[in-house]
Amino acid sequence: MSACSDAIARRFGDGGPSGEGADDNDLIHRVLSRKTVRRYSDRVPVEALLDLLVACALSASAKSDFQQASILRVRDSGKRAAIGKLFPAMPWIGIAPVFFVFLGDARRLQCIGEMRGKPVENGTLEGFFNASIDAALAMQTMILCAESAGLGVCPISVIRNEVDKVAAVLGLPDLVFPVAALCLGYPQGEGHVSLRLPRSVTAHSDRYDDSALHAGIDDYDHRRHALHAIPKEQQRSNAEYGETAFYGWSEDKARQAAKAEGAAFPPYLRAHGFSFE
Ligand SMILES: Cc1cc2nc3c(=O)[nH]c(=O)nc-3n(C[C@H](O)[C@H](O)[C@H](O)COP(=O)(O)O)c2cc1C
């Protein structure tokens, strides 16, 4: 087995394609083995590395070359604390050594239209979507580069649940919105590679086909449970749904998704320049 096929087996454990025969490659191996990190040592990444990471993030592909991602680093300790205080269940938000916010920036193109006397209307669904994707790609590019430099990261989309307060702290103007933040630092502890859904469920060939969904999810639940069972005290909404004999990933995600998140986001966007037309 090559290092990559080993890593694929650890990531999926689904008996699917193993990449056997392809040349091993450091980056691919690292991506297959990556994991989110929420606990960091006190060591602070040097500024030159952070500058590099921002440059890498802004090198990501951008829809139509419109370049609608912006990156805001929160350095001010008062602002960090103010944001951290909003999410007590996620203490890493307030204490990670470095905290970036990835912004969808539909404002810049709108301003460029005004500068050049053209009728740009960028508060559309298309404008919102393009800016969101640019920001997400920039964040993921930073993630992979940061991890390749030995750092650990955790994306933070929960900030959108308190978008009014976060936007006020960061001084965000109309048409600029947070896609997610990113906690970053040197990892403390090992963590584990999170098993992904079987590719029979998530990878399609020529035609969308989810006929293997039920069996694939049941099988995944049990394989994942055997590796990293969700502890009893982390089961959600037991008051509503009761304790189940077997509590797997799909039970957990169904319970999580049944409580809609992000109610504050659409009204915020509508009040800050997006018509979505
Ligand atoms: C867009 C996005 C938003 C996320 N938001 C949060 C968050 O608010 N808080 C958090 O602790 N983790 C957050 N995560 C991390 C995910 O929970 C994590 O990626 C997922 O559990 C899979 O784990 P892995 O990355 O180690 O494979 C987010 C990840 C993504 C991609």
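A brief report on the enclosed structure follows. (Residues numbered from 1 in each chain as written. Predicted model: local features only at pLDDT ≥ 70, side-chain atom pairs only at ≥ 80, totals over all residues. Heavy atoms only, no water.)

1. Topic: the overall build of the protein chain
If you tally the helices and strands in the protein chain, you get 13 helices and four strands. Against the globule reference of 19 Å for 277 residues, the protein chain gives a C-alpha radius of gyration of 21 Å, in line with a compact fold. Relative to all contacts within the protein chain whose residues are 6 or more apart in sequence, the contacts with residues 24 or more apart total 76%. Placing the 31 positive and 34 negative side-chain charges of the protein chain at their respective mean positions leaves the two points 5 Å apart. (Helix = DSSP H or I, 4+ residues; strand = E, 2+ residues; numbered from the N terminus. Rg over C-alpha atoms; globule rule 2.2 N^0.38 Å. Contact = heavy atoms within 4.5 Å. Lys, Arg positive; Asp, Glu negative; His and termini not counted. Charge placed at Lys NZ, Arg CZ, Asp CG, Glu CD.)

2. Some details on unusual backbone geometry
For Gln 67, which is not glycine, the phi dihedral falls at a positive 55 degrees. Inspection of the secondary structure puts Gln 67 in the loop between helix H3 (47-57) and strand E1 (69-73). Relative accessible area serves as the criterion here: at 48%, Gln 67 is assigned to the partly exposed category. For Leu 175, which is not glycine, the phi dihedral falls at a positive 70 degrees. Turning to its location among the elements, Leu 175 is positioned in the loop between helix H8 (163-170) and strand E4 (176-185). On the accessibility criterion, Leu 175 (9% relative accessible area) is buried. (Buried < 20%, exposed > 50% of the residue type's maximum accessible area, 1.4 Å probe, protein only.)

3. A word on the site of the ligand
In the vicinity of the ligand there are 14 residues, among which Thr 36, Arg 38, Pro 155, Ser 157 and Arg 196 approach most closely. Trp 92 places a side-chain nitrogen or oxygen 3.2 Å from an oxygen atom of the ligand. Burial of the ligand by the protein chains amounts to 65% of its free accessible area of 620 Å². Of the residues forming the shell around the ligand, the biggest block, three residues, is contributed by strand E3 (residues 152-156). The residue makeup of the shell around the ligand, split by class, is six nonpolar, three polar and five charged. (Near = heavy atom within 4 Å. Polar contact = N/O pair within 3.5 Å; in protein donor to acceptor, adjacent residues only side chain to side chain. Areas by Shrake-Rupley, 256 points an atom, 1.4 Å probe, with all protein chains shown as cover. Nonpolar A, V, L, I, M, F, W, Y, C, P; charged D, E, K, R; others polar.)

4. Looking at the packing of aromatic side chains
This structure, assessed with the given rule, holds nine aromatic pairs. Note on Phe 128 and Phe 274: the rings are 5.6 Å apart at their centroids and 80 degrees apart in plane angle, and the pair reads as edge-to-face. With Phe 128 in helix H7 (residues 125-148) and Phe 274 in the segment after helix H13 (265-271), this residue pair connects regions lying 146 residues apart in the sequence. Residue Phe 128 shares its accessibility class with Phe 274, and that shared class is buried. Here the aromatic rings of Phe 128 and Phe 276 are separated by 5.3 Å at their centres, their planes lie at 85 degrees, and the arrangement is edge-to-face. Here Phe 128, found in helix H7, pairs with Phe 276, found in the segment after H13; they are 148 residues apart in sequence, far enough to count as distant. Classification of Phe 128 as buried rests on a relative accessible area of 14%. Here Phe 276 falls in the partly exposed class, since its relative accessible area comes to 22%. Over the face of the ring belonging to Tyr 186 we find Arg 43, whose NZ or CZ atom lies 3.8 Å from the ring centre. Just above the ring of Phe 12 sits the side chain of Arg 199; from NZ or CZ to the centre is 4.5 Å. (Phe/Tyr/Trp six-rings, centres within 6.5 Å; stacked < 30°, edge-to-face > 60°. Lys NZ or Arg CZ within 6 Å of the ring centre and 35° of its normal.)

5. Looking at the pairing of strand E2 (residues 98-105)
Of all eight residues in E2, eight are buried; the element is thus mostly enclosed. Of the two faces of E2, the one holding Val 98, Phe 100, Phe 102 and Gly 104 and the one holding Phe 99, Val 101, Leu 103 and Asp 105 are both buried throughout. Pairing analysis gives five bridges linking E1 to E2, with the strands arranged antiparallel. Counterpart to Leu 72 in the pairing with E2 is Val 101. Two strands pair when backbone bridges link them, and E2 and E4 are joined in this way by eight bridges, in the antiparallel orientation. Looking at E4, one finds that Asp 105 is bridged to Val 176. (Pairing = 2+ DSSP bridges.)

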